[in-house]
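Below are the chains, spelled out letter by letter.
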Amino acid sequence: MQRALSVTREAFPDWYQAVVREADLAEASPVRGCMVIKPWGYGVWERIQQVLDRRIKETGHENAYFPLFIPLSFFAKEAEHVAGFAKEMAVVTHHRLKMIDGKLQPDPEAKLEEPLIVRPTSETIIGDAFSRWVKSHRDLPVLINQWANIVRWEMRTRLFLRTAEFLWQEGHTAHATGEEAREETMKMLQVYREFSEGTLAMPVIAGEKSANERFPGAVATYSIEAMMQDGKALQAGTSHYLGQHFAEAQNIRFQNDAGELQFCHTTSWGVSTRLIGGVIMTHGDDDGLRLPPACAPQQIVIVPMLRDKPEDAALLEYCDVLAKALREKIAFGEPLRVLLDKKAQKSAEKRWNWVRRGAPLIVEVGGRDMAGGTVTYMRRDVLRDGDKVKSHNAPREQFAAEAAGLLVEIQNALFAEAKARLASNIRTDITSFDGLVEYFKGDEDGFKGWVKASWARPEGAELETIDEKLKGLKLTLRNAPLDQPAAHGPCIFTGRPGVEEILIARAY
RNA sequence: CGGGGCGUAGCGCAGUCUGGUAGCGCAUCUGCUUUGGGAGCAGAGGGUCGGAGGUUCGAAUCCUCUCGCCCCGACCA
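What counts and how
- Residues numbered from 1 in each chain as written.
- Chains lettered and ligands numbered in written order.
- Predicted model: local features only at pLDDT ≥ 70, side-chain atom pairs only at ≥ 80, totals over all residues.
- Heavy atoms only, no water.
- Near = heavy atom within 4 Å.
- Polar contact = N/O pair within 3.5 Å; in protein donor to acceptor, adjacent residues only side chain to side chain.
- Helix = DSSP H or I, 4+ residues; strand = E, 2+ residues; numbered from the N terminus.
- Patch = residues over 30% accessible without salt bridge, like charges linked within 9 Å, V, L, I, M, F, W, Y side chains within 5 Å.
- Areas by Shrake-Rupley, 256 points an atom, 1.4 Å probe, with all protein chains shown as cover.
- Salt bridge = Lys/Arg side-chain N within 4 Å of Asp/Glu carboxyl O.
- Buried < 20%, exposed > 50% of the residue type's maximum accessible area, 1.4 Å probe, protein only.
- Phe/Tyr/Trp six-rings, centres within 6.5 Å; stacked < 30°, edge-to-face > 60°.
- Lys NZ or Arg CZ within 6 Å of the ring centre and 35° of its normal.
- Pairing = 2+ DSSP bridges.
- Contact = heavy atoms within 4.5 Å.
- Axes fitted to C-alpha atoms, helices over the stretch in contact; angles between N-to-C directions.
- Core = buried A, V, L, I, M, F, W, Y, C linked by side-chain atoms within 4.5 Å.
- Domains from an automatic or database assignment.
- Buried area = accessible area lost by both parts, 1.4 Å probe.
- Expected span 1.5 Å × (residues − 1).
- Bend = angle between axes of the 7 residues up to and from the residue.

Trainee: How do you make sense of the protein's contact with RNA strand B when you look at a structure like this?
Mentor: Near RNA strand B you find 40 residues, and of these Arg162, Trp168, Gln235, Arg368 and Lys474 are the closest. Counting only the atoms of RNA strand B that lie within 4 Å of the protein, the sugar and phosphate share comes to 48%. One of the backbone nitrogen or oxygen atoms of Arg3 is found 3.1 Å away from a base oxygen of RNA strand B. Measuring from a sugar or linking oxygen of RNA strand B, one finds a side-chain N or O atom of Arg351 at 3.0 Å. Listed by contribution, the elements that provide at least two residues to the surface near RNA strand B are helix 1 (12-22), helix 10 (347-357) and helix 11 (367-372).

Trainee: Explain a nonpolar patch on the surface to me, please; I cannot follow it from the model alone.
Mentor: Together, Leu97, Met99 and Leu104 make up an exposed nonpolar region whose accessible area comes to about 350 Å². Note that Leu97 resides in strand 6 (residues 97-100). Residue Leu97 is classed as exposed on the basis of its relative accessible area, which comes to 54%.

Trainee: Help me understand the packing of aromatic side chains, please; the structure alone is not making it clear to me.
Mentor: Think of a pair of aromatic rings as described by two things: how far the centres are apart, and how the planes are tilted against each other in angle. Per the counting criterion, the structure on display carries 12 aromatic pairs. We note Lys232 situated over the ring of Tyr508; from NZ or CZ to the ring centre the distance is 4.7 Å. The aromatic ring of Tyr439 is capped on one face by Lys448, whose charged end is 5.5 Å from the ring centroid.

Trainee: Quick question: what am I supposed to make of the sheet that holds strand 12 (residues 220-227) here?
Mentor: Sheet strands associate in pairs through backbone hydrogen bonding, adopting either a parallel or an antiparallel arrangement. Strands sit in the order 3-9-10-16-13-12-11-29 across an open sheet of eight strands; the sheet is mixed. With partners counted over all chains shown, the strands left at the sheet margins are strand 3 (62-63) and strand 29 (480-481), one partner each. Taken together, the two bridges between strand 11 (residues 204-208) and strand 29 define a ladder with antiparallel strand orientation. The partner of Glu208 across the bridge, within strand 29, is Ala480. Its contacts with the sheet put helix 2 (residues 39-58) on strand 3, strand 9 (142-151), strand 10 (165-175) and strand 16 (265-272), and the angle it makes with strand 9 is roughly 165 degrees.

Trainee: So what exactly am I meant to see when it comes to the nonpolar core here?
Mentor: Soluble globular proteins tend to pack their nonpolar side chains together in the buried interior. Formed by 60 residues in total, the largest nonpolar core has its most connected members in Phe160 and Ile280. Taken domain by domain, the makeup of this core includes at least three residues from each of domain 1 (9-283) and domain 2 (293-413). If you look at the next biggest cluster of nonpolar residues, it comprises 27 residues, including Ile302, Tyr377, Phe399 and Ala404.

Trainee: Even after reading the chapter, I still don't get the domain arrangement of chain A, so can you show me in this structure?
Mentor: Many descriptions give the size of an interface as the accessible area lost when the pieces come together. Entries for chain A in the domain assignment read domain 1 (9-283), domain 2 (293-413) and domain 3 (426-505). Between the C-alpha centres of domain 1 and domain 3 there is a distance of 28 Å. Summing both sides of the interface, domain 1 and domain 3 together bury roughly 1700 Å²; the carbon and sulfur share of this comes to 57%. Where domain 1 touches domain 3, the interface holds two salt bridges.

Trainee: It is not clear to me how the pattern of salt bridges should be interpreted in this structure. Could you clarify?
Mentor: Pairing of side chains with opposite charge becomes possible as their charged atoms draw close. Evaluation of the coordinates by the stated rule reveals 34 salt bridges. A network of salt bridges, in which partner residues are shared, links Asp24, Glu27, Lys38 and Arg357.

Trainee: Would you explain helix 1 in this entry?
Mentor: An α-helical segment advances 3.6 residues per turn. Residues three or four places apart therefore align on the same side. Burial in helix 1 covers these residues: Phe12, Trp15, Tyr16, Ala18, Val19 and Val20. Taken together, the buried residues of helix 1 touch strand 1 (26-28) and helix 8 (274-283). Just past helix 1, the residue Asp24 takes up positive phi, approximately 60 degrees.

Trainee: What is the right way to look at the side chain of Thr199 in this model?
Mentor: Looking at the element boundaries, Thr199 is found in the loop between helix 6 (178-198) and strand 11. Excluding residues that lie within four positions of it along the chain, Thr199 makes contacts with Val51, Glu194, Pro292, Ala294, Cys295 and Gln411.

Trainee: What's the story with helix 12 (residues 396-424) in this structure? I'm lost.
Mentor: Over its 29 residues, helix 12 runs 40 Å from end to end, which matches the ideal 42 Å to within 8%, given 1.5 Å per residue. At Glu402, helix 12 shows its largest kink, close to 45 degrees.

Trainee: Looking at this structure, how should I read the environment of Lys111?
Mentor: Along the chain, Lys111 falls in strand 8 (residues 111-118). Here Lys111 falls in the exposed class, since its relative accessible area comes to 58%. Distance in space between the C-alpha atoms of Lys111 and His94 is 4.4 Å, their sequence separation being 17 residues. Among residues more than four places away in sequence, those in contact with Lys111 are Thr93 and His94.

Trainee: What's the story with the pairing of strand 7 (residues 103-106) in this structure? I'm lost.
Mentor: Sheet faces and side chains relate simply in a regular strand, where the side chains alternate between the two faces. Pairing of strand 6 with strand 7, which is carried by four bridges, proceeds in the antiparallel orientation. Note that in strand 7 the partner of Lys98 across the bridge is Gln105. Where strand 6 folds back onto strand 7 in an antiparallel hairpin, the turn is made up of two residues, including Asp101, whose phi is positive at roughly 50 degrees.

Here is the structure:
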């Protein structure tokens, strides 16, 4: 059978790369670990930005922008923070180039007095601003978000999933009380969960990270974890309660209503272009990408079957009427995004390109459709019936009337499919480390789901030891889901009474 | 940074062992035919074989160095 991709999901890493390339999402750049995000890929990011930005503002936050460069000394103020990021920072040391011996190089006489770090995250420089902005309890809370690029000099990179430079939003807030800051942390985690499930159709499990997986400098880190089609977990978003650590390091203080000086409690939270990798690995199939309509740059692509003949004009007019009618319809609270693909390419070629790119509805209109007043369309989520491509025929006006409903149906179907995969691949019957070994041993490449088990929440050296043992099975602790049962069995690692359930999985 | 694999046309690959002046499929361009579905035929364009140096009359091929990509490990919100 002829597929739109040359590889299948059996070779998952190869397949992933093929989708990124064939769906026109991104490509590698001349700079190691950095990517060029192409219009179709960036279009998905713009959808993420638009929908999430609205949610961030609805929850009371304002956007602002802080510098790309952070003075080196800012990082030295929070010990854990600097320790966590020191190994992956890009450093700017000069401000001028000079031709020396025929070679263009940094001018030794233009060395910066203090090196500048290209931000790997902005807690420190935003905290510095907060320390000036906050004087009184009347200034609180401060609720700020920034859309930005950041740089982390990663050892090993993968397009979208882990790149040296990536795009994200980072929320930073300061509060009078720990209770309020914790509420904020949880509120944004919920925003991420709803966004991931509602817009990306990517079901997630929200929970708290174990101590060893905490953000450097945080009191508590929460994440949403999604299950990819190879069974691996993808951390799709994080939210941190930073306590007073950063406030103390950067002197973010306020006078309370009794006139006493107190340190603020701060939070930070973010999602990144990694989400696009999550969408690919959640919904992609052997014909390429499948985009949930809510995050598709174009939801309906109309491909006229042009024949380079005079009657093409009438066909284009026929398609244009359809496009205009569709654009007046609403789905997910917005007008439908419709593209009439008039490019001078062979129609069949265009169709398969849109299949690979994952356009949710692909409409093909030919002369006979026009004569009969109909259109032919394909749903990308259920492209094939067996091996054959499944196309539908409907009167043009009927299709225009039903398209918005179809898009919602596709969105729901993709979510249901992913949700079923997540729900049926979390094992809860493994209660011992030997059981873990048994389940995860051998067949390195085969599908392995997640394990949810009780544990005693060990810390320190004991946790280190457990982490090492898990590493031997290529496993990591993902999070302790927020939804917990009333009672717990014995700890899967220590045998002591369990205090919560934790997810154990292979991860990206 | 350690182990393994790989860099040859936009994509997928052969050629490398055994040195002789670069090829296949798809894509692209032109023409004719075709026209309800990834069309057929004929022709064409496109590669300093990742880069640098070396050996040689001659290097995609052998040697040295180097850069990048992929997998595993280390590392990693």
